[in-house]
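Geometric and topological summary
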Amino acid sequence: MKHKSIVLLSIAAMMLLFVSAAPCQTFGSSGNTNLNVTVEAEASLYVSTANTALTSTGTLFSDYTGTTNFMYKIRTSKTSGAGNIQLKVTTDFSPSGGPSVANPPTAGDALTYSCTVSSPGTPCSGTQTASTTSNTPVGSFGANARSAREGNSGSVAWTLTNDPLYETGSYSAVVTFTVSAT
Amino acid sequence: MRACSFLHVVLILTPATAAFAGTATITQNISVQLDSAGKLAAPSALSLLSSGLAFTDFAGSLNLQYRFRTTPAGSGAITVRAGADFSPSGGPSLSSAALRYSCSGAGLGTACSGLQTVSASAETPIVQIPGSACTGGGGSCSAADPVSIQLQFSLDNSPQYQTGSYSIPLIFTISTL
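1. Brief notes about the layout of surface pockets
All names here are of chain A. If you add up the space inside the largest pocket, you get close to 670 Å³. Forming the boundary of the largest pocket are 29 residues, of which Thr 52, Leu 54, Phe 93, Tyr 171 and Ser 172 lie nearest the centre. Those elements that provide at least two residues to the lining of the largest pocket are strand E3 (64-75), strand E9 (152-160) and strand E10 (172-181). Element by element, the count of residues in the lining of the largest pocket is highest for E10, at 5 residues.

Next up, the structure:
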């Protein structure tokens, strides 16, 4: 009987040893961790000229001109990526009586622009006409395009028809720039 | 696969081979030398993620568990270094000090202060353990065993990085004096 009890105690002790040796976390004098990161295509833009003044200089009824500067950051996909910068007149000139992108007083009156986009971007070609209904191009990017860490520069040089039909006064419109990358 | 505890005491009871009558007292002195010791456990991988806003830094939090016992005159430390630079090339790199971390919530000892920059050539601090410290048991020791410390990693999200997946091995080392 006594022998049987001692054997049972021995078994219990062995079970205790088994349980205590069960794994939980691997502790050691050193440990390794792999840090993983996936870098995706992305883009952002900052318009540094918050208010662009369009002014007429020189001869009478010369068109109004002005420049909007911006900075962009972009990273397009290494193999099949692309990107672009566009703009759209999201709020037409107000108040009424002056210039208008959507309903100019004279056919042919327009808000046009030309583009400058530093590498790796390609600026829009020629003269573009701004629209209230669709985005128009400012710049484009190919695959694996990567701007500088601090961003790259670009600008839009505006020209607005100076139509004698415009009533005197101050007018303003809102232009929204958009950048995208795939 | 390793056991969970520092020290296991196993009592092995064996059947007595003979029965003795009467009573005897035997004094047995048992002594043990406890030296400074430390162990740690780190997750095998951590993903650094960007918040969704364009070009916001990648970030991730890592929980490092550790156990320590230091002698009154001793001390201990946990440090980290990179086993290599990010791979493949074309993405982030340690050469531009792109990977940083801060430490918080040390269960035992003093966490590193401020932002630390991960290096492949030098150990950088995570936690410093004073003398006469230990994990577990309460009192002068910590209540919990193991204890943990949180590391908040931050990685630059430069437009210059090519798209793709990148990885870097980190090596955490524990030392005792």
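Resuming the write-up.
2. Brief notes about the environment of Arg81(B)
Residues and elements named next belong to chain B. In this structure, Arg 81 sits in strand E4 (residues 76-82). Here Arg 81 falls in the partly exposed class, since its relative accessible area comes to 28%. Taking C-alpha positions, Arg 81 is 6.4 Å from Thr 124, a pair spaced 43 residues apart along the chain. Beyond its immediate chain neighbours, meaning those up to four positions away, Arg 81 contacts Ser 119, Ala 120, Ala 122, Glu 123, Pro 169, Leu 170 and Ile 171. For Arg 81, the side chain forms a polar contact with the side chain of Glu 123, separated by 3.3 Å.

3. What to know about the sheet that holds strand E4 (residues 83-94) of chain A
Across the sheet, which stays open at both edges, the 4 strands sit in the order E6-E8-E4-E10 (chain A) with antiparallel pairing between neighbours. The outermost strands of the open sheet, each flanked by one partner alone, are strand E6 (122-123) and E10 of chain A.

4. Notes on the state of the cysteines
Every disulfide links exactly two cysteines, by a covalent bond between their sulfur atoms. Taken as a whole and judged by the stated rule, the model has 3 disulfides over all chains. Each sulfur in the disulfide pair Cys115(A) and Cys124(A) lies 1.8 Å from the other. A torsion of 90° about the S-S bond marks the disulfide between Cys115(A) and Cys124(A) as right-handed. Just as Cys115(A) is buried, Cys124(A) falls in that class too. In this model Cys134(B) forms its disulfide with Cys141(B); the gap between the sulfur atoms is 1.6 Å. Across this residue pair, the class does not change: Cys134(B) and Cys141(B) are buried.

5. Looking at the packing of aromatic side chains
Under the definition given, this model contains 5 aromatic pairs over all chains. Aromatic pair Phe70(A) and Phe177(A): ring centres 5.7 Å apart, planes at 45°, arrangement tilted. Linking Phe70(A) in strand E3 with Phe177(A) in strand E10, this pair joins segments that are 107 residues apart in sequence. One exposure class covers both Phe70(A) and Phe177(A), and it is buried. On the basis of an interplanar angle of 75° and a centroid distance of 6.3 Å, the ring pair of Tyr66(B) and Phe68(B) is categorised as edge-to-face. With a relative accessible area of 0%, Tyr66(B) lands in the buried category. Phe68(B) sits in the buried class, given a relative accessible area of 1%. Directly above the ring of Phe27(A) sits Arg67(B), whose terminal nitrogen or CZ lies 4.8 Å from the centroid.

6. A closer look at the nonpolar core
Residues Tyr66(B), Leu99(B), Ile126(B), Phe153(B) and Phe172(B) are the most contacted members of the largest nonpolar core, which totals 39 residues. Among the elements of the structure, strand E1 (30-39) of chain A together with strand E2 (45-50), strand E3 (58-69), E4, strand E5 (99-104), strand E8 (124-129), strand E9 (147-155) and strand E10 (164-176) of chain B are those that each provide at least two residues to this core.

7. Things to note about the side chain of Thr161(A)
Residues and elements named next belong to chain A. Structurally, the position occupied by Thr 161 is in the loop between E9 and E10. In this structure the side chain of Thr 161 is engaged in a polar contact, spanning 3.0 Å, whose partner is the backbone nitrogen of Ala 110. Beyond its immediate sequence surroundings of up to four residues, Thr 161 is in contact with Asp 63, Tyr 64, Gly 108, Asp 109, Ala 110 and Tyr 166.

8. Re the sheet that holds strand E2 (residues 42-47) of chain A
Judged by pairing direction, the sheet is antiparallel, and its 5 strands sit side by side in the order E2-E3-E9-E5-E7 (chain A) without closing on themselves. The open sheet is flanked by E2 and strand E7 (128-129) of chain A, the only strands paired with a single partner.

9. Some words on the environment of Thr68(A)
Residue and element names in this part refer to chain A. Within the fold, Thr 68 resides in strand E3. Each C-alpha atom of the pair Thr 68 and Gly 139 lies 14 Å from the other, and the pair is 71 residues apart in sequence. Apart from the residues lying within four places of it in its own chain, the contact partners of Thr 68 are Val 47, Thr 49, Thr 52, Gly 154, Ser 155, Val 156, Trp 158 and Phe 177. A polar atom in the side chain of Thr 68 sits 2.6 Å from the side chain of Thr 52.

Parameters at a glance
- Residues numbered from 1 in each chain as written.
- Chains lettered and ligands numbered in written order.
- Predicted model: local features only at pLDDT ≥ 70, side-chain atom pairs only at ≥ 80, totals over all residues.
- Heavy atoms only, no water.
- 1 Å grid on protein atoms, 1.4 Å probe; cavity = no way out; pocket = protein on both sides within 12 Å on 5 of 7 lines; lining within 4 Å.
- Points joined across faces, edges and corners; volume = space filled by probe spheres on them.
- Helix = DSSP H or I, 4+ residues; strand = E, 2+ residues; numbered from the N terminus.
- Buried < 20%, exposed > 50% of the residue type's maximum accessible area, 1.4 Å probe, protein only.
- Contact = heavy atoms within 4.5 Å.
- Polar contact = N/O pair within 3.5 Å; in protein donor to acceptor, adjacent residues only side chain to side chain.
- Pairing = 2+ DSSP bridges.
- Disulfide = S-S within 2.5 Å.
- Phe/Tyr/Trp six-rings, centres within 6.5 Å; stacked < 30°, edge-to-face > 60°.
- Lys NZ or Arg CZ within 6 Å of the ring centre and 35° of its normal.
- Core = buried A, V, L, I, M, F, W, Y, C linked by side-chain atoms within 4.5 Å.

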